[in-house]
Amino acid sequence: MSRTWNRTSRVIAGTATALAVLTACGGGGESAGSPANKPVTITFWGWAKGSKDVVDAFNASHKNIQVKFEEIPSGTAGGYAKISNAVKAGNAPDLVSIEYSSLPEFVSSGALQDIGGEFTEADRAKLLPQAVELTTLGGKTWAVPFDAAPQAFFYRKDLFEKYRVDVPKTWDDFKTAAEKVKKADAKARIATFFPDDPTTFEAMAWQAGAQWFKAENDTWKIDTTDAATTRVAAYWQGLVDADLVHKNASFSPEWTGSLKNGTTIGYLGASWGAGVLKGTLPEQNGKWAVAPMPSWDGKPASGMLGGSTFAVTKDSENKAAAVEFAEWMSTTEAGVKARIASGTSSAFPAATALRPVAKQAFDASYYGGQDIYALFEQSGASIGQNWAWGPTTGTTNTAIKDQFGKITKGGTTIADAIRTGHEATVAELKKRGLKVEG
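Treat the numbers as computed from the prediction; the structure is a model and nothing was measured.

What counts, and at which threshold
- Residues numbered from 1 in each chain as written.
- Predicted model: local features only at pLDDT ≥ 70, side-chain atom pairs only at ≥ 80, totals over all residues.
- Heavy atoms only, no water.
- Buried < 20%, exposed > 50% of the residue type's maximum accessible area, 1.4 Å probe, protein only.
- Helix = DSSP H or I, 4+ residues; strand = E, 2+ residues; numbered from the N terminus.
- Pairing = 2+ DSSP bridges.
- Phe/Tyr/Trp six-rings, centres within 6.5 Å; stacked < 30°, edge-to-face > 60°.
- Lys NZ or Arg CZ within 6 Å of the ring centre and 35° of its normal.
- Axes fitted to C-alpha atoms, helices over the stretch in contact; angles between N-to-C directions.
- Contact = heavy atoms within 4.5 Å.

Caption draft 1: Expanded view of the pairing of strand S8 (residues 151–156). Counted residue by residue, S8 has six buried out of six residues, so it is predominantly covered. Residues of S8 alternate between two faces, with Gln-151, Phe-153 and Tyr-155 on one and Ala-152, Phe-154 and Arg-156 on the opposite face, all of them buried. Bridge analysis of S8 against strand S13 (residues 266–270) gives five bridges, and the strand direction is antiparallel. Counted as the bridge partner of Gln-151 is Ala-270 from S13. Taken together, the four bridges between S8 and strand S14 (residues 288–291) define a ladder with antiparallel strand orientation.

Caption draft 2: Spotlight on the packing of aromatic side chains. Here the structure, examined in full by the defined rule, presents 40 aromatic pairs. Measuring from centroid to centroid gives 5.6 Å for Trp-47 and Tyr-80, while their planes differ by 80°, and the two rings are edge-to-face. In this pair, Trp-47 sits in the loop between strand S1 (40–46) and helix H3 (51–61) while Tyr-80 sits in helix H4 (residues 79–89), placing the two residues 33 residues apart along the sequence. Taken as a pair, Trp-47 and Tyr-80 share a single burial class, namely buried. Seen in terms of ring centroids, Trp-387 and Trp-389 are 5.3 Å apart; in terms of plane orientation they differ by 75°. Their pairing is edge-to-face. The cationic tip of Arg-339 hangs over the ring face of Phe-146; the distance from NZ or CZ to the ring centre is 4.6 Å.

Caption draft 3: Summary view of the sheet that holds strand S10 (residues 213–216). Here three strands make up an open sheet; going across it, the order is S10-S11-S17 and the pairing mixed. Whereas interior strands pair on both sides, the edge strands pair on one side only; in this sheet they are S10 and strand S17 (435–437). Here the average twist between neighbouring strands, direction ignored, is 30°. Strand direction decides the pairing type here: S10 and strand S11 (residues 219–222), joined by four bridges, are antiparallel. Residue pairing in the sheet places Phe-213 in a bridge with Ile-222 of S11. Across the sheet, helix H19 (residues 414–431) is in contact with S10, S11 and S17; its angle to S11 comes to roughly 170°.

Right under this line is the structure:
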């Protein structure tokens, strides 16, 4: 995985100059947390599967630090708004989950503390260097990386066999498979277009070679109309117009119900999706399998869909304790085991040495004993090298999401939605006084 990620890290490093302007307003509290001999209680907000199990394991094994956990909606489903509002109100928790894509926005808004003094070089050495790069903005360290999230295609092995559908290797194959599924069962579809989730589309654009955000010197260059994005948008517009995929909100009762009754027989997700399906559909044990994401030329290719970090909010007075807990979750065998042994998480750790631990802790019998972690390793190695996140992800995604919800045949298109996201992004960057091209 290192070769691809080394190329990726150069792209991320290239954003440092532009982000330096943003991080000047970032929080920088000097709180060092409580002394080691004084018990301290910290608060933690997150949504990732297995989080409560990790907190329980930590509390059982640590006397000087105790963690109060509150489960919040996933970031794009309201979690980020809840965190932002709490920061503004001055009652934010000590530690929060933030995906790589949203970290620059929280940094630029001054919501977080630099944790460089606590998250040392020795600590960072345990993690994938390029994951550390994604959390290093403006020369400062803003979060502890937890996992990477290469894409994967989950499918109902039994129904693919019943309908005599081949597992698609290319996007052309995927369309052919989608047509066969619909023909075999008029109510069934191969997968779902999520109108509430721009991140899935962005991961597919990333996979195709798109590069929406690029920082050069002190200028942000924004391009969401490149050939790769245009290709992905046109392809998915075709699937939606031909009614070859369902259109349901991600993780909604409608989507879950369609998985339960077999009218949705595939899921274009990421490594963490294996635990989601296992926890959501326990009655379908042994019926699912995992395949590499279809690609345009049949060669391995992936974007990254999600991926979590742990960040300390600006007003926390327990920074050292919060970072200690975050590192325990991310860099220790006990922390990874506690999360994955819960049976609901299939996290792909950023701590490369702990991936065998994750593999051993995850009960793969749900997938017929398939070595899904080997597949995640291969997918991770093919993550595209050019993508970088900008400082206005929330603005970009909100604008796209609003338009995705309006998509109808002959009406608003996916391309229209991406164009709206582009315009909103440029406007927001200019509003913040940043130089923009695009």
